[in-house]
Amino acid sequence: MTDWHIEALATAYRVCVLRSHNAECTQFENQQANRKTTRYQLTWADVAIRAGLAVVKGMKEGVKTKQTADERRVATILAMRHYKRAQAFIRASAEGSFPNPVCGKPR
């Protein structure tokens, strides 16, 4: 059994909600434009910034320069890690979702 740190779980929830909401929005846009592939308009680093991860304090969304490349890479890795943690929580839960079914599959 996995122990869940409450702050990490809260951050994982925020990342999951942001990514899921972005996926729903871009899926609708893709359908409207008759695109065959799914595109995510929001990068993982920007998801980390919107979710308020501690490592991204002071970073600006969408700013990609040589100076911010390493910081954005770290933010991407952490956002993806939190997203995977959220997915693991959803799989381990009895209901198969977070209390708010935005991220998981509601019953």
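Up top you'll find the structure we're talking about.
As a convention, each chain's residues are numbered from 1 in the sequence order in which they are written. The model is predicted, so local features are restricted to residues of pLDDT at least 70 and side-chain atom pairs to those at 80 or more, both for listing and for counting; the totals for chains, interfaces and linings are taken over all residues. No hydrogens and no water enter the side-chain calculation; it runs on all heavy atoms of the structure.

**So, the side chain of Asp-46**
The following threshold applies: We count a stretch as a helix when DSSP gives it H or I for four or more residues in a row; a strand needs E for two or more, and each element gets its number in order from the N terminus. Type-normalised accessible area, obtained with a 1.4 Å probe on protein chains alone, sets the label of each residue: buried when under 20%, exposed when over 50%, and partly exposed for intermediate values. Counted as a polar contact is a pair of N or O atoms within 3.5 Å, where, for protein atoms, one must be capable of donating a hydrogen and the other of accepting one, and residues adjacent in sequence contribute only when both atoms are in side chains. In what follows, a contact means two residues having at least one pair of non-hydrogen atoms within 4.5 Å.
Along the chain, Asp-46 turns up in helix H2 (residues 44–51). Look at Asp-46 and you get buried, because its relative accessible area is 6%. Side-chain polar atoms of Asp-46 contact the backbone nitrogen of Gly-62, separated by 3.0 Å. Contact partners of Asp-46, with chain neighbours within four places excluded, come to Glu-61, Gly-62 and Arg-72.

**Remarks on helix H3 (residues 69–92)**
What counts here: One less than the number of residues in a helix, times 1.5 Å, gives the span that helix is expected to have.
With 24 residues, H3 extends 34 Å between its outermost C-alpha atoms, agreeing within 8% with the 34 Å of an ideal straight helix rising 1.5 Å per residue. All buried positions along H3 are accounted for by Arg-72, Ala-75, Ala-79, His-82, Ala-86, Phe-89 and Ile-90.

**As for the environment of Gln-41**
Mapped onto the elements of the fold, Gln-41 is located in the loop between helix H1 (6–32) and H2. By relative accessible area, which is 44% here, Gln-41 ends up partly exposed. Once the C-alpha coordinates of Gln-41 and Asn-22 are considered, the two residues, 19 residues apart in sequence, prove to be 7.4 Å apart.

**Here we look at the environment of Ala-45**
As for its placement among the helices and strands, Ala-45 is situated in helix H2. For Ala-45, a relative accessible area of 2% translates into the label buried. Taking the C-alpha atoms as reference points, Ala-45 and Arg-73, separated by 28 residues in sequence, lie 7.1 Å from one another. Here Ala-45 is in contact with Arg-72, Ala-75 and Thr-76, once residues within four sequence places are set aside.

**A short note on the nonpolar core**
For the record, the criterion: Nine residue types can take part in a nonpolar core, namely buried Ala, Val, Leu, Ile, Met, Phe, Trp, Tyr and Cys, and a core is a set of them joined through side-chain atoms within 4.5 Å.
Counting residues in hydrophobic clusters, the biggest one holds 13 residues, and the most contacted among them are Val-15, Ala-48, Val-56 and Ala-75. Element by element, the count of residues in this core is highest for H2, at six residues. When neighbours within four sequence positions are excluded, Val-15 is seen to be in contact with Trp-44, Val-47, Ala-51, Ala-79, His-82 and Tyr-83.

**With respect to the pattern of salt bridges**
Going by this rule: Basic side-chain nitrogens of Lys or Arg form a salt bridge, by our definition, when they fall within 4 Å of a carboxyl oxygen of Asp or Glu.
What the rule picks out here adds up to three salt bridges. The closest approach of N and O atoms between Glu-61 and Arg-50, which form a salt bridge, is 2.8 Å. Of this pair, Glu-61 sits in the loop between H2 and H3 while Arg-50 sits in helix H2, and the two are eleven residues apart along the sequence. On the basis of relative accessible area, Arg-50 is assigned to the partly exposed category, the value being 48%. For Arg-73, the salt bridge goes to Asp-70, with nearest N and O atoms at 2.7 Å. Linking Arg-73 with Asp-70, this pair stays in helix H3, spanning three residues, or about one helical turn.

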